[in-house]
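Fold and geometry: a report
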Amino acid sequence: MRAPSSSPPPSSELNSLVHFGRLTLREDLESRDSSPLPWSGGELGKRVVRMKGKVGDPLPCERPKQEGHIWGSMKRTAFILGSGLLLFVAFWNSVTWHLQKFWGASGYFWQAQWEKLLSTFAGKEWILFSLGTVLIPTIIFWSFNAFLLVVDTTGKPHFISRYRIQDGKNDPVDPMKLRQALVTVFYNQYIISSPMLVFFYLFLKWREDPCHPELPTFHWFLLELSVFILIEEVMFYYSHRLLHHPMFYKRFHKKHHEWTAPIGVVSLYAHPIEHAVSNMLPAMVGPMVMGSHLSSITMWFSLALIITTISHCGYHLPFLPSPEFHDYHHLKFNQCYGVLGVLDHLHGTDTMFKQTKAYERHVLLLNLTPLSESIPDPPKKIE
């Protein structure tokens, strides 16, 4: 009689048996791993214990490879940074050498022209000083601002107006408001600044004649310019921040902040006291400290007026310094008090600015695409 054949277990039972077998094997291994080894007291046991490790730990043979990889990365980083630093130093020295060579080559020409001016204004150096500190910087200031005013009042040419920072503002500028600003700027430039420049000339004349026969060297002018910028940053930041104190803001500084979206000419639109303390003095103290030559003072005053115009112009133009920093100050009032932003960083008066898209746009624009298009503001919430 044939014995009945047993049918194979169903697939579900087979899977359960396999799963039970795996669990039993895992528990057995874990119990063995946690129990002390019978030979753990000997040298072999010590070696076995040392070889134990967590799952995922690198094998002993892999650790030297990882350490070598990290060391190699550090060496490559040091090589790249070191090479970049050397190239920067070489480039800077090359540029400085070529500028010095140009300055030296053309120095004979400019020295000759300067000597001619001295002979022409012999005994009347104050006229020469006035030309250098008033006439030339004023011509540069109004030439630049005349072009910007055309854009502000007409919106043309479009390839300039498309770089406007605060979209929809001053498009076009209010004519009545502009006329009021122009009257104040002229008053500050000629009625307030002139007596200060007389004192400026007398001080420099007492310290060291600003019209002495020898022009400064290129390297000396670079040193002077660094001192001028540093002194202006310190004095402007603290005087400007003081003007935002409730005791002084409403009486003196509020006039300047009538323009929440500034334009270039508004850089000198201020209360006369503010113009003297916060606009003129920070620019004058540097040359007074250095006992500068008239040529250095003329270049510094002209540069300072160009920079402050750019900071207020309301357009983030290609290849020019970014005005986003000071434009944000006019928009929010209690941020970004300085010129360079160094003291704002140290005092924490730029924390809100750093959280905005304006901060991302606060870079030198090196192409023709407006940053308001490449880094747009987030859409406004609709209530």
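Residues numbered from 1 in each chain as written. Predicted model: local features only at pLDDT ≥ 70, side-chain atom pairs only at ≥ 80, totals over all residues. Heavy atoms only, no water.

Here's the deal with the overall build of the protein
This is how the line gets drawn: Under the DSSP-based scheme used, a helix requires at least four consecutive residues in state H or I and a strand at least two consecutive residues in state E, with every element numbered from the N terminus. For the exposure calls, accessible area comes from a 1.4 Å probe over protein chains only, and a residue counts as buried if that area is under 20% of its type's maximum, exposed if over 50%, partly exposed in between. Contact between two residues is taken to exist if any of their heavy atoms lie within 4.5 Å; hydrogens are not considered. Accessible surface area values rest on a Shrake-Rupley calculation with a 1.4 Å probe, where residue burial reflects the displayed protein chains alone.
Looking only at helices and strands, the protein features 14 helices and zero strands. Going residue by residue from the N terminus, the α and β elements of the protein occur as α-α-α-α-α-α-α-α-α-α-α-α-α-α. A total of 383 residues make up the protein; the buried ones form 35% of that total. Partitioning the intrachain contacts of the protein with sequence separation of at least 6 by distance along the chain shows that 71% fall at a separation of at least 24. A total accessible area of about 24500 Å² is found for the protein, and carbon and sulfur atoms account for 68% of it.

As for the nonpolar core
Rule in force here: Only buried residues count toward a nonpolar core. Its members are Ala, Val, Leu, Ile, Met, Phe, Trp, Tyr and Cys residues joined through side-chain atoms within 4.5 Å.
Of all hydrophobic cores here, the largest spans 26 residues; its most connected members are Phe129, Phe200, Met284, Trp300 and Phe301. Listed by contribution, the elements that provide at least two residues to this core are helix 3 (63-120), helix 4 (125-154), helix 6 (175-207), helix 7 (218-243), helix 9 (272-290) and helix 10 (294-312). Leaving out residues up to four positions away in the same chain, Phe129 has contacts with Leu197, Phe200, Tyr201, Leu204, Pro210, Leu294 and Ile297. In this structure, Ala181, Val185, Trp259 and Tyr269 belong to the second largest nonpolar core, which totals 14 residues.

Side note on unusual backbone geometry
The peptide bond linking Lys156 to Pro157 adopts the cis configuration, its omega dihedral lying at 0 degrees. Mapping Pro157 onto the fold places it in the loop between helix 4 and helix 5 (158-161). Here the bond from Asp171 into Pro172 is cis, since omega is 0 degrees, no more than 30 degrees from zero. Tracing the backbone through its elements, the reader meets Pro172 in the loop between helix 5 and helix 6. A positive phi angle, near 75 degrees, is found at Phe333, a position not held by glycine. Its place among the elements puts Phe333 in the loop between helix 11 (324-332) and helix 12 (342-347).

Details of the pattern of salt bridges
As a reminder of what qualifies: A pair is scored as a salt bridge if a Lys or Arg side-chain nitrogen falls within 4 Å of a carboxyl oxygen belonging to Asp or Glu.
Scanning the model with the defined rule gives six salt bridges in all. A salt bridge links Asp171 to Arg164; the nearest nitrogen and oxygen atoms lie 3.8 Å apart. With a shortest N-O distance of 3.8 Å, Arg361 and Glu324 are connected by a salt bridge. Taken together, the residues span a long stretch of sequence, with Arg361 in the loop between helix 13 (357-360) and helix 14 (371-374) and Glu324 in helix 11 at a distance of 37 residues. Exposure remark for Arg361: the relative accessible area of 6% places this residue in the buried category. Counted as one network, the salt bridges with shared partners bring together Glu324, Arg361 and Asp377.

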